[in-house]
Amino acid sequence: MSSDRSEPKPIRHRLWWIVIAPTLWAIHFLACYLTVAIWCEKATTSQNSGPPIAWIFGYSIVALAGIVYVGMLSYRNFRSGNPPLPYDFDDPNDRTHFLGFTAFLLAVLSAISTLFTLLVFLFVRTCD
Amino acid sequence: MKPREPMNEQEDEGMRGELAKHDPAMDDVRARRLYQAWKTPKGWRYWSAVNNSEVGLWYTLTAFAFFLFGGVLALIMRIQLAVPNNDWLTPEQYNQIFTMHGSVMMFLFAVPILEAISILLLPQMMGARDLPFPRLSAYGYWCFLIGGIFVCGSLFFGVGPRGGWFMYPPMTTEYQTDVGPDIWLLGLSFIEIASIAAAVELIVGALKCRPPGMRLNLIPLYGWYILVVAAMILFAFPPLIAGDLLMELERAFDWPFFDVQRGGDPLLWQHLFWIFGHPEVYIVFLPSIALVAMIVPTFARTPMAGYGWIVLAAVGTGFLSFGLWVHHMFTTGLPGISIGIFSAASEAVAIPTGVQIFCFIATLLIGRVTKSVCLLFVLAGLATFIIGGLTGVMIAIAPFDYQAHDTYFIVGHLHYVLVGGTIFPIVAGFYYYYPLVTGKQLSERLGTITFWFMLIGFNVAFFPMHLTGLIGMPRRVYTYPAEMGFEIPNMISSVGAFVLGLGFLLLLWDVFRPKGKQPLVRRNIWNAGTLEWAARVPDMPWGIRSIPIISTRYPIWEQDNLLTDIDAGKFYLPDAEEGLRETIVTSTVDAEPMQCLRVPGPSFLPFMAALFTGGVFIFGTYHWWILTGISGALSFGTIVTWLWTGTAIIPEKDSKDVGLGLQLPTYVSGSGAVGWWAMFITMLGDMTAFVSLVFGYFFYWTVHESFPPVQFDGRVIAGPGVVWPLVSVGLGLAGWIAVMIARQVNRGDRARLFYATIGVAVCLALASASAMLSGPYRNGMDPTHHVYSASVSVLVLWTIIHLIVGVVMLIYCAARRLTGRMDAGQDADIVNVALFWHFLLLTVFITGTVIALFPKVA
């Protein structure tokens, strides 16, 4: 068991790192849903029945930017150096590669799911 | 707990005699001491055991018994539905039976069995001696048993709940005024508490009780799945508990949360129920698929392909499953765009769910597969689940759902998902782990026959339901007229159900048939690679002889001499010099050893606590308030005794040698301590329930033209005002500051100042609670008047109860310090209480500002 007890670990080497991208998806999802739910109940009139698309685009750009950033850093984490596939030994580098790889996959999944939500607003434009 | 005296000669000799026959390892005096510390109590004291192997076994057997009960209910329904116009059951009886079938299968089998199997096996997989809070596991078990018997028993008195497993109001509030819904609400809330207790135990277990060296990239996949599922329980169950609270307040005290006439809305219940209910499906699916992830590599004789991908699947499914709940509400008239959002998420969840199945198939393809009954059930489970998953993708599309909603198509779909995703893998798990737990093997020959009965029976029973549903047969009807085309598929389903039942009967026989003459199996019978198979046959109560250093994912396959070295006590904690039960706590990411944790031994306190807590819920159901109060007081007393005598004990020495020259501290407080994590996790769940109540407040705002309304029913609707709630927030903040100061002065060993600040904090907390109450009280709010009054009152009530709990905790800390059970260095009690107070401050702040200020901006 080689140790890497040095300084406190950066967040990219912690368990929290892998849940950042899905959390961004969750916040985006909830923001979209709540905006629509409140808008459709409170703000619609006969002339204006569509949800505020600009807001949704705004949320999506912020969320996707965050997810892509996490994804890129994670990609660098698992591609850096000379990773011994499939990262399954007791070594700090293997752990970092594993966290990077999993976080990268989760970022891809979160990005796809965020786009799914965004697509709904492109196809459905009314509260009916 | 005082360190025990070293065992006397006679005791030592007696034990050696008893064990020497079958275990030469007992020649080692260290092994004998270890045995003495971990041995299971005998006679009637057996029921005081708290060790994971006993509690896990009871839990598994009890959950299995409830499963059989639920299965019998299903067969009764199938008899009733076999022919048209059947009057064998009355509609009343049928309603009770289908309600109980769903409730039992979900709450008394599917969720508890995952906790059961995890409590039984997770420590073994992690090479831990036990989970960090054995008495909490025991408490959870006894709550589950008592609550389960209470809920099931109601059926025999004809007073069972009959509102379906989702208990939709207003049917369950206005039209079912009998005790049935109360039994459901209170009985199952009680069991949900047990689930949250198990979640706390399993999260801390998976993160902090791994063997040294087992970094995050080496955890057995079961551990990953359980970590995700336990976190899901923490965020999924509290909304249901909040919903139960609201419905019970309406039923018992007429607070009109779901009464449309007084501004309530039944849809809030549907939201809260399904925010729980949909993740619940994955909460029962993921642990079962986790068993598959343990079984597949063993029988493919190769490590799992795509470990990282499976972790993606587990974590990704865990997250996405919280974005699906509205797909159970597509026909409630929500805006089309809301439906679209949830429909899209329901399609997206198919991605991670599918990824893991590809990994299993890939592993089987690249490996050298050996045949076994376990693998048959795994394959049947995957195939069945895929069919259920595909019909799931169909009904996630809203227009199709409008047609299929509330028909037998849904019944067919959900049984393919749950039987394929949960039951078949669990049966596979039974075959796989039975030798580990009992030392005997289930029959492969009988198992093959059982398998075919189950597979054929299941498909014959449930496949026709898709067709019955598409023809138009609705769910939850006690009978149907002839000549509608329902007769033949229903008869086929009933025949299939009995064939499936026969399969389970065969399994039951195989599990319980006497096996006295059957020889014990050899150790690691399946030649598996994961650590739980290091257990000896017959197993010893200590779990593992010494806690090894792990450096691979399949240590038994990949680490030389591992079993020999474990048995020889060459690793950590091979001894129990002080006669205490000990295990190692390691760091979250890299599993570096951090603490030698003393875990408590056998005690009846968890049982007593569960009994009295059960009394509160059961007597409360019947509104026997005096008995409820007595039970509450006894429960409080028992829990405090349990904490006082069994937690944060100051050890006889600061650190100890755990073997291999490693010194570890015996007492840790703060964020490195398991108790701190347990408090943190519990409070996350608590905050989730609170946020659900706040969500309710804002939900009512969206459904009303003006909220709060000015007048209702000829009376002005009173609010809590602005001043008193904000005064309460200010006092709460001052109380929190006092608690933080108390924690600091305790560290500085200034005892008198500590008691003084605790006193100040107690006064401020009580003042804050009084101010919180004053707002509604002085303005003459009547919780039964309108839903606005009720939703403010429930937030106030929640906050006041939490402030009182905060006060009790502070008094407890002062008493601990006064009696020398806490000091400047060993301060876990006050540190954990300070953590509670962070969450308490947040609760007071949110309640105060929402009820005082939101009406001004709304």
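Scroll up to find the structure this text is about.
To keep things clear, this report deals only with the structure shown in the data block. The residue count restarts for each chain, going from 1 along the sequence in the order it is written. The naming scheme follows written order: chains are lettered A onward, ligands numbered 1 onward. Local features are withheld for residues below a pLDDT of 70 in this predicted model, meaning they are given only at 70 or higher, and side-chain atom pairs are given and counted only at 80 or more; totals for whole chains, interfaces and linings count all residues. Think of the side-chain values as coming from all heavy atoms in the structure, minus any hydrogens and water.

Regarding the overall build of chain A
What counts as a helix is a DSSP run of H or I of at least four residues, what counts as a strand is a run of E of at least two, and both are numbered from the N terminus. Along its length, chain A carries 3 helices and 0 strands. Overall, chain A shows an N-to-C arrangement of helices and strands of α-α-α. The buried share of chain A, reckoned over its 128 residues, is 45%. The contact rule is simple, with two residues in contact once any of their heavy atoms fall within 4.5 Å. Across chain A, every contact between residues at least 6 apart in sequence was considered, and the portion connecting residues at least 24 apart equals 77%. Using a 1.4 Å probe, accessible areas were evaluated by the Shrake-Rupley method; residue-level cover was limited to the displayed protein chains. Only carbon and sulfur atoms are counted for the fraction: they give 67% of the accessible area of chain A, which is about 6600 Å². When accessible area is computed with a 1.4 Å probe and restricted to protein chains, residues below 20% of their type maximum are described as buried, those above 50% as exposed, and intermediate ones as partly exposed.

So, the pairing of strand E2 (residues 593-598) of chain B
Every regular strand shows the same layout, with side chains that alternate between the two sheet faces. Residue and element names in this part refer to chain B. By the criterion of burial, E2 is predominantly enclosed, with 5 of the 6 residues buried. Pairing between strand E1 (residues 582-586) and E2: 5 bridges, direction antiparallel. Looking across to E2, one finds that Thr586 is bridged to Pro593. Note: two strands are recorded as paired if DSSP finds a minimum of 2 bridges between them. Linking two consecutive strands that pair antiparallel, namely E1 and E2, is a turn of 6 residues; a positive phi of about 55° is found at Ala591 within it.

What about the state of the cysteines?
Residues and elements named next belong to chain B. Pairs of cysteine sulfur atoms within 2.5 Å are identified as disulfides in what follows. Within the structure shown, the criterion is met by 1 disulfide over all chains. Between Cys596, a cysteine without a disulfide, and Cys209, which holds the nearest cysteine sulfur, the sulfur-to-sulfur distance is 12 Å. For Cys596, a relative accessible area of 0% corresponds to the buried category. Here Cys763 stays unpaired: no disulfide links it, and the sulfur of Cys813, its closest cysteine neighbor, is 16 Å away. Note on Cys763: relative accessible area 52%, which makes it exposed.

Here's the deal with the packing of helix H9 (residues 266-300) of chain B against helix H13 (residues 373-395) of chain B
All names here are of chain B. Here, axes are lines fitted to C-alpha atoms. For helices the fit covers the stretch in contact, and angles between N-to-C directions go from 0 to 180 degrees. Between H9 and H13, the least distance of the axes is 10 Å, while the angle of their chain directions is 135°. Judged by the angle between their axes, H9 and H13 are oblique. Judged by the twist between their axes, the crossing of H9 over H13 is left-handed. Residues Phe285, Ile289, Val292, Ile295, Val296 and Phe299 of H9 pack against Cys374, Leu375, Val378, Leu382 and Phe385 of H13. Orientation categories follow fixed angle ranges, with anything under 35 degrees roughly parallel, anything over 145 roughly antiparallel, 65 to 115 roughly perpendicular, and all other angles oblique. Crossing handedness is read from the near helix: turned anticlockwise from the far helix by less than a right angle, it gives a left-handed crossing, and turned clockwise, a right-handed one.

A short note on the interface of chain A and chain B
Contact with chain A, which involves 49 residues of that partner, is made by 50 residues of chain B. Note on chain A versus chain B: buried area summed over both sides is about 4100 Å², and carbon and sulfur give 75% of it. One side-chain nitrogen of Lys or Arg within 4 Å of one carboxyl oxygen of Asp or Glu is enough to make a salt bridge. Linking chain A to chain B there are 1 salt bridge. For Asp590 of chain B, the salt bridge is made with Arg95 of chain A, and the minimal N-O distance between the two is 2.7 Å. Definition of a polar contact: a pair of N or O atoms within 3.5 Å, with one able to donate and the other able to accept a hydrogen when the atoms are protein atoms, and with sequence-neighbouring residues admitted only if both atoms are side-chain atoms. Summed over the shared surface of chain A and chain B, the number is 3 residue pairs in polar contact (both at pLDDT 80 or more). Elements represented by at least two residues in the side of chain A that touches chain B include exactly helix H1 (16-43) and helix H3 (92-123) of chain A. If one sorts the elements of the side of chain A that touches chain B by residue count, H3 of chain A sits on top with 16 residues. Split into classes, the residues belonging to the side of chain A that touches chain B amount to 29 nonpolar, 8 polar and 12 charged. Take the accessible area each of two parts loses on contact, using a 1.4 Å probe, and add the two losses: that sum is the buried area. Under the grouping applied here, Gly and all other residues not named as nonpolar or charged are polar, the nonpolar ones being Ala, Val, Leu, Ile, Met, Phe, Trp, Tyr, Cys and Pro and the charged ones Asp, Glu, Lys and Arg.

Description of the pattern of salt bridges
Residue and element names in this part refer to chain B. For the structure on display, the rule yields 26 salt bridges over all chains. In this structure, the salt-bridge partner of Asp575 is Arg33, at a minimum N-O distance of 2.7 Å. Taken as a pair, Asp575 in the loop between helix H19 (562-567) and E1 and Arg33 in helix H2 (residues 29-38) lie far apart in primary sequence, 542 residues in all. On the basis of relative accessibility, which here comes to 29%, the residue Arg33 falls in the partly exposed class. As a salt-bridge pair, Asp749 and Arg817 come within 2.6 Å of each other at their nearest N and O atoms. Within this pair, whereas Asp749 is found in the loop between helix H23 (723-747) and helix H24 (751-778), its partner Arg817 is found in helix H25 (residues 787-818), the two being separated by 68 residues in sequence. Through salt bridges that share partners, Glu577, Glu578, Glu582, Arg598, Glu652, Lys653 and Lys656 make up one connected network.

A short note on a nonpolar patch on the surface
On the surface, Tyr622, Trp624, Ile626, Leu627, Ile630 and Leu634 of chain B cluster together into a nonpolar patch covering about 610 Å² of accessible area. Mapped onto the fold, Ile630 of chain B is located in helix H21 (residues 625-646). Without a salt bridge and with relative accessible area above 30%, a residue can belong to a patch; like charges are then joined within 9 Å and nonpolar side chains (Val, Leu, Ile, Met, Phe, Trp, Tyr) within 5 Å.

Some details on the side chain of Ser346 of chain B
Residues and elements named next belong to chain B. Here Ser346 shows up in helix H11 (residues 336-348). Assessed through its relative accessible area of 7%, Ser346 is described here as buried. Contacts of Ser346, omitting those with residues within four sequence positions, involve Leu324, His327 and Ala396.

Here's the deal with the packing of aromatic side chains
All names here are of chain B. Aromatic contacts are taken between Phe, Tyr and Trp rings whose centres are within 6.5 Å, Trp giving its six-membered ring; a plane angle under 30 degrees counts as stacked, one over 60 as edge-to-face, and the others as tilted. Evaluation of the coordinates by the stated rule reveals 86 aromatic pairs over all chains. When the ring of Tyr282 is compared with that of Phe285, the centres are 6.3 Å apart and the planes differ by 80°; the resulting orientation is edge-to-face. Separated by 3 residues within a single helix, Tyr282 and Phe285 lie in helix H9, roughly one turn from each other. A single burial state applies to Tyr282 and to Phe285, both of which are buried. Seen from their ring centres, Phe698 and Phe854 are 4.7 Å apart, and the 80° between their planes marks the pair as edge-to-face. Of the two residues, Phe698 is situated in helix H22 (residues 674-703) and Phe854 in helix H26 (residues 828-857); the sequence distance between them amounts to 156 residues. Take Phe698: its relative accessible area is 26%, and that puts it in the partly exposed class. Positioned above the aromatic ring of Trp542 is the side chain of Arg545, whose terminal nitrogen or guanidinium carbon lies 5.7 Å from the ring centre. One Lys or Arg, Arg816, reaches over the ring of Trp644 and ends 5.2 Å from the middle of that ring. Cation placement over rings: the criterion is NZ of Lys or CZ of Arg within 6 Å of the ring centroid and within 35° of the ring normal.

What to know about the nonpolar core
The definition of a nonpolar core used throughout is a set of buried Ala, Val, Leu, Ile, Met, Phe, Trp, Tyr and Cys residues joined through side-chain atoms within 4.5 Å. Counting 325 residues, the largest nonpolar core has Trp224, Phe257 and Trp269 of chain B as the members making the most contacts within it. Trp224 of chain B has contacts with Leu15, Ile18 and Phe98 of chain A together with Leu216, Ile219, Tyr307 and Val311 of chain B, leaving out every residue within four places of it along the chain.

A word on unusual backbone geometry
Residues and elements named next belong to chain B. Cis geometry is adopted by the peptide bond preceding Pro170, which originates at Pro169 and carries an omega value of 5°. Within the secondary structure, Pro170 sits in the loop between helix H5 (134-153) and helix H6 (171-175). The omega angle of the peptide bond from Phe707 to Pro708 is 0°, so this bond is cis rather than trans. Within the secondary structure, Pro708 is located in the loop between H22 and strand E5 (711-712). We note that Arg301 has phi near 60°; this positive angle belongs to a residue other than glycine. Looking at the element boundaries, Arg301 is found in the loop between H9 and helix H10 (307-320). Arg301 gets classed as partly exposed once you look at its relative accessible area, which sits at 25%. Within the chain, Ala591 stands out as a residue other than glycine whose phi angle is a positive 55°. One can find Ala591 in the loop between E1 and E2.

A word on the side chain of Ser48 of chain B
All names here are of chain B. Here Ser48 is to be found in the loop between H2 and helix H3 (52-81). A relative accessible area of 4% places Ser48 in the buried class. One polar contact links the side chain of Ser48 to the main-chain carbonyl oxygen of Arg45, over a distance of 2.6 Å. Beyond its immediate sequence surroundings of up to four residues, Ser48 is in contact with Pro41, Pro602, Ser603 and Phe604.

Let's talk about the environment of Ile38 of chain A
Residue placement: Ile38 of chain A occurs in helix H1. Considered as a pair, Ile38 of chain A and Cys127 of chain A are 89 residues apart in the sequence and their alpha carbons are 11 Å apart. Discounting residues that sit within four places of it in the chain, Ile38 of chain A has contacts with Ala43 of chain A together with Trp701 and Thr702 of chain B.

Description of the packing of helix H4 (residues 91-125) of chain B against helix H15 (residues 408-438) of chain B
Residues and elements named next belong to chain B. Running from N to C, H4 and H15 cross one another at 35°; their axes reach a closest spacing of 12 Å. For the pair H4 and H15, the crossing hand works out as left-handed. Note on element contacts: H15 touches H4 through Tyr408, His415, Leu418, Ile423, Ile426, Tyr433, Leu436 and Val437, opposite Tyr94, His101, Met106, Phe109, Ile113, Leu120, Leu121 and Met125. The residue inventory of the contact of H4 with H15, partitioned by class, reads 14 nonpolar, 2 polar and no charged.

So, to be careful, I would describe these as geometric facts and stop short of saying anything about function.
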